[in-house]
Amino acid sequence: MTKKQGGGGRATRLDLDAVVRAAVELLDDEGLDAVSTRAVADRLGVRMNTVLWHVKTKARLLELMADAVVGEIPFDDLPDAWDERARELARRHRRALLAHRDGAALVTGTYTAEPHTLRFADALVAALLDGGMDEREAAWTSWAVTYFTLGLTQEEQAAPGSLDDRLTRAVSEDSHPALRRVLPHLDAASFDERFEHGLSALLSRGRAG
């Protein structure tokens with residue numbers, strides 16, 4: 001499959017990587033709702049059937065996009081200590097998601113058994129096993145860390161650009177007394193602190209000693 005280039009009408013081969021890159025660029029520019037095989041084809045200047053020849057379905061395109069986002073996680077210079085290694089992997093996962101508009105929503109909506117995603121999962125599980133967890137505990141803790149990271153990051157990316165008072169107005173001291181007490185700690189500016197707190201809570205039960 002080829003794609004026409006401007007100028008001399010020279011044709012260059014369109015491969016799967018180019019399709020996925022164009023889809024991720026579309027995600028960054030217009031958001032997840034705008035991603036479709038037709039929109040990617042328009043971006044590349046090809047027929048939709050050309051894109052479908054590479055990815056078959058939109059669901060498959062989203063899987064490959066999600067794996068590409070996770071593929072941006074670096075694995076160099078990780079800490080030796082198992083808990084700090086797991087924590088750093090989760091931080092890098094979050095940064096990769098935040099680097100793309102709707103990155104967390106994209107990855108959350110897929111079940112991706114692809115090379116980059118498997119490499120990340122293997123590194124996280126290995127850190128937990130090194131901490132002395134048995135196989136089940138390591139598997140379930142890795143799920144918990146991953147789902148926590150995805151969920152909180154999705155909330156962060158969906159939060160209003162500027163703080164508003166919707167939650168303050170909705171929470172009543174009479175109807176929601178407990179929520180009212182903790183309200184100052186639920187502001188949109190606390191995502192970094194909430195992320196670190198959640199990681200500590202998830203990893204503390206497996207800490208050796």
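Throughout, a residue's number is its position along its own chain's written sequence, starting from 1. Local features are withheld for residues below a pLDDT of 70 in this predicted model, meaning they are given only at 70 or higher, and side-chain atom pairs are given and counted only at 80 or more; totals for whole chains, interfaces and linings count all residues. Hydrogens and water molecules were not included; the side-chain quantities draw on all heavy atoms of the structure.

Caption draft 1: Quick peek at the overall build of the protein. Secondary structure elements are taken from DSSP: a helix is a run of H or I of four residues or more, a strand is a run of E of two residues or more, and numbering for both begins at the N terminus. Across its full length, the protein holds 11 helices and two strands. Secondary structure elements in the protein, listed N-terminal to C-terminal, are β-β-α-α-α-α-α-α-α-α-α-α-α. Burial analysis of the protein (209 residues in total) assigns 36% to the buried set. For the protein, contacts bridging at least 24 residues in sequence account for 65% of all contacts bridging at least 6. Accessibility throughout is a Shrake-Rupley quantity obtained with a 1.4 Å probe, and a residue counts as covered only by protein chains that appear here. Carbon together with sulfur atoms contributes 51% to the accessible area of the protein, which is approximately 12,200 Å² in total. Note on classification: 1.4 Å probe, protein chains only; a residue is buried when its accessible area is under 20% of the maximum for its type, exposed when over 50%, partly exposed between these limits. Residue contacts are counted whenever heavy atoms from the two residues lie within 4.5 Å of one another.

Caption draft 2: Focus on the packing of aromatic side chains. Note on aromatic pairs: the rings of Phe, Tyr and Trp (six-membered ring only in Trp) are paired at centre separations within 6.5 Å, and the planes decide the class, stacked below 30 degrees, edge-to-face beyond 60, tilted for the rest. One pass over the structure, following the stated rule, counts one aromatic pair. Two conditions define a charge located above a ring, namely a distance within 6 Å from the ring centre to NZ of Lys or CZ of Arg, and an angle within 35 degrees of the ring normal. One cation-aromatic arrangement involves Lys-56 over Trp-53; the distance from NZ or CZ to the ring centre is 5.8 Å. Lying across the ring of Phe-195, Arg-94 places its NZ or CZ 5.0 Å from the centre.

Caption draft 3: View of the nonpolar core. Judged by nonpolar contacts, the single largest core of 48 residues is most densely connected at Val-19, Val-40, Leu-44, Val-51, Leu-61 and Met-65. Ignoring anything within four residues of it in the chain, the contact list for Met-65 reads Val-20, Ala-23, Val-24, Leu-27, Val-35 and Leu-106. In this description, a nonpolar core means a group of buried Ala, Val, Leu, Ile, Met, Phe, Trp, Tyr and Cys residues linked to one another through side-chain atoms lying within 4.5 Å.

Caption draft 4: Focus on helix 3 (residues 48-55). For helix 3, the set of buried residues is Thr-50, Val-51, His-54 and Val-55. The buried residues of helix 3 occupy an angular sector of 120° when the element is viewed end-on, so they sit on one face. Buried-residue contacts for helix 3 involve helix 1 (16-30), helix 2 (37-44) and helix 4 (58-70). One or two positions beyond helix 3, positive phi appears at Lys-56, with a value near 75°. The directions considered for the arc are those from the helix axis to the C-beta atoms.

Caption draft 5: Main features of the pattern of salt bridges. A pair is scored as a salt bridge if a Lys or Arg side-chain nitrogen falls within 4 Å of a carboxyl oxygen belonging to Asp or Glu. Scanning the model with the defined rule gives 14 salt bridges in all. A salt bridge links Arg-94 to Glu-156; the shortest N-O distance between them is 2.9 Å. Within this pair, whereas Arg-94 is found in helix 5 (residues 82-98), its partner Glu-156 is found in helix 8 (residues 135-158), the two being separated by 62 residues in sequence. When salt bridges with common partners are traced through the structure, they connect Glu-84, Arg-87, Glu-88, Arg-91, Arg-92, Arg-95 and Glu-196 into a single cluster.

Caption draft 6: Local environment of unusual backbone geometry. Positive phi outside glycine occurs at Asp-77, with the angle close to 55°. Tracing the backbone through its elements, the reader meets Asp-77 in the loop between helix 4 and helix 5. Not every positive phi belongs to a glycine, and Asp-102 is a case in point at roughly 60°. Inspection of the secondary structure puts Asp-102 in the loop between helix 5 and helix 6 (103-108). With a relative accessible area of 25%, Asp-102 lands in the partly exposed category.

Caption draft 7: Up close: helix 7 (residues 115-130). Over its 16 residues, helix 7 extends 22 Å from the first C-alpha to the last, a length consistent with the 22 Å expected when each residue adds 1.5 Å. Residues of helix 7 that are buried include every one of Phe-120, Ala-123, Leu-124, Ala-127 and Leu-128, and no others. An end-on view of helix 7 places all buried positions within 135° of arc, on one side of the element. Across helix 7 from its buried face, at more than 90 degrees, point the exposed residues Pro-115, Arg-119, Asp-122 and Asp-130. Take the number of residues in a helix, subtract one, and multiply by 1.5 Å to get its expected span.

Caption draft 8: Just the environment of Gly-71, in detail. By the secondary structure assignment, Gly-71 is in the loop between helix 4 and helix 5. Counting along the chain gives 49 residues from Gly-71 to Phe-120, while the straight-line C-alpha distance between them is 8.3 Å.

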